[in-house]
Amino acid sequence: MNDSDLNRLLKVASQARSVAVLTGAGMSRESGIPTFRGADGLWKDFRPEELASPEAFQKDPALVWEWYEWRRQIVLKAEPHEGHRVVAAMEQRFPEFLLITQNVDGLHPRAGNEKLIEIHGSINRARCTKCGSRFDLGNRMLSDLPLKCDCGALARPDVVWFGESYDSQLLSASLDFLASADMVWVIGSSGMVSVPVYLAAQAREAGAFLVDLNPEEAEFSRYCDLKIRSTAGAALPSFWNALTGGRTE
Ligand code: APR
C-alpha cells in the first residue's frame, strides 16, 4: 500500500463509528486452510455439485460427511493468525461493529469475535434433517458416518450448500447493519458467490467506504474505494499498528 492510500485508510478508520467486515476463504489461507478456488483450491480436486449440494447428500450421505469431516479435522488443527486477531480487536474499538463471514471454520469466534454472522453456517455443527435440532460436533474425529440425530434420522453438516437459500433473518440483519455502516472491509473473497457481492454493493450504495483486501482483483473490486493487494495476515496487522500504534485493543 502506498503512503497516500494508507493515509486515506487511516483517516476513514479514525473517524468511523460503524464498521463491518466481510470475510471469505482467503481470510483463513494463512492459517493453512485451503480456499475453494485458485491454484490449490478445494474445488480443483472436487466438483461442488458432487459434495456440497442437497442432491449430493441425498445420493451419498456418507461421502459428503467424510469430505466435511476431513475438512473439519484440518480446521480443528488450525489456529487463527494475526489478521484474525486484528478483526477481533476491531470489534472492541469501533462503537458499532459486525463481522459477516462466509467461512464455516470457526476461526473468527476462536480469535474472539462475538458480533458475527456465519452466513454459510458452521462446519463444527450438525443439523437433523427431520427434527431440525442442531448439535456441536466437538473435537473428536467422527467415525460412524453418516451421522444420525438422537431422534434416529439422518443429520447433515449445518452449512449452506449450493442451490440452498440463505437464512433470511441472518441476511436481513446483515443488510440492516450495512445500510448504516461507515466503513466496510471485504477480505479474501473471490466474489464468485453472488450474495456477498450483493451485500458489498448494498453497503456501497448506502454510502460506506469499501476496502478490498485481496492479493488479486476480485468481483468486489469494482465497488471498492480502496484496494489493498496484499494478504490478510500481512496487511491487517500493519494497518492496525499504524492506526493504534501497536495496541490490540
Ligand atoms: N489473504 C486475502 N485473500 C486471499 C488470500 C490471503 N492470504 N489468499 C487467497 N485470497 C483470496 C483469493 O485471491 C480469492 O479471491 O481469497 C479468495 C478466495 O476465493 P474463494 O476460494 O472463491 O472463496 P470464497 O469467495 O470465500 O468462496 C465463497 O464458495 O464454495 C463456496 O461456500 C463456499 O464460502 C465459500 C464460497
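Just so it is clear, the structure is predicted and the values come from calculations on it, not from any experiment.

Trainee: What is the right way to look at the sheet that holds strand 5 (residues 134-136) in this model?
Mentor: Within a sheet, neighbouring strands are paired by backbone hydrogen bonds and run either parallel or antiparallel to one another. If you trace the three strands from one edge of the open sheet to the other, you get 5-4-6, paired in antiparallel fashion. The sheet terminates laterally at strand 5 and strand 6 (155-159), the two strands that pair on one side only. With direction set aside, neighbouring strand axes in the sheet form an average angle of 40°. Looking at chain direction, strand 4 (residues 121-128) and strand 6 are connected through five bridges and run antiparallel.

Trainee: In this structure, what is going on with the sheet that holds strand 9 (residues 226-228)? I would like to understand it.
Mentor: Pairing in this open sheet of six strands is parallel, and the strands run 3-2-1-7-8-9 from one edge to the other. The open sheet has two edge strands with one neighbour each: strand 3 (116-118) and strand 9. When the angles between neighbouring strand axes are averaged without regard to direction, this sheet yields 15°. Where strand 8 (residues 209-213) and strand 9 come together, three bridges link them in parallel fashion.

Trainee: Any chance you could explain the site of the ligand here in plain terms?
Mentor: Neighbouring the ligand are 22 residues, the closest being Ala25, Phe36, Arg37, Ser190 and Asn214. Between a nitrogen atom of the ligand and a main-chain N or O atom of Gly26, the distance comes to 3.4 Å. Ser189 is positioned such that a nitrogen or oxygen atom in its side chain is 3.0 Å from an oxygen atom of the ligand. Within the complex, 90% of the 730 Å² of free accessible area of the ligand lies under protein. Classifying every residue of the shell around the ligand by side-chain character gives seven nonpolar, eleven polar and four charged.

Trainee: Can you help me understand the layout of surface pockets in this one?
Mentor: The probe, sized like a water molecule, is rolled over the atoms to show the empty space still left. Taken as a whole, the second largest pocket spans an internal volume of roughly 270 Å³. In terms of lining, the second largest pocket is formed by 17 residues, of which the most central are Arg127, Arg134, Asp158, Val160 and Asp167. Here the lining of the second largest pocket is built from residues that sort into six nonpolar, three polar and eight charged. Looking at the lining of the second largest pocket, you find at least three residues from each of domain 1 (3-31 + 80-120 + 166-244) and domain 2 (39-77 + 128-159).

Trainee: Just to check I follow, could you spell out empty space enclosed by the protein for this structure?
Mentor: Applying the stated criterion to the full structure yields one cavity of 30 Å³ or more. There is about 50 Å³ of room inside the largest cavity. Leu22, Thr23, Ile100, Thr101, Gln102, Ile119, Tyr166, Val195, Pro196 and Leu199 together form the lining of the largest cavity. Secondary structure elements with two or more residues in the lining of the largest cavity: strand 1 (18-23), strand 2 (96-101) and helix 8 (194-205).

Cut-offs used in this document
Residues numbered from 1 in each chain as written. Predicted model: local features only at pLDDT ≥ 70, side-chain atom pairs only at ≥ 80, totals over all residues. Heavy atoms only, no water. Pairing = 2+ DSSP bridges. Helix = DSSP H or I, 4+ residues; strand = E, 2+ residues; numbered from the N terminus. Axes fitted to C-alpha atoms, helices over the stretch in contact; angles between N-to-C directions. Near = heavy atom within 4 Å. Polar contact = N/O pair within 3.5 Å; in protein donor to acceptor, adjacent residues only side chain to side chain. Areas by Shrake-Rupley, 256 points an atom, 1.4 Å probe, with all protein chains shown as cover. Nonpolar A, V, L, I, M, F, W, Y, C, P; charged D, E, K, R; others polar. 1 Å grid on protein atoms, 1.4 Å probe; cavity = no way out; pocket = protein on both sides within 12 Å on 5 of 7 lines; lining within 4 Å. Points joined across faces, edges and corners; volume = space filled by probe spheres on them. Domains from an automatic or database assignment.

The analysis is restricted to geometry; functional conclusions fall outside its scope.
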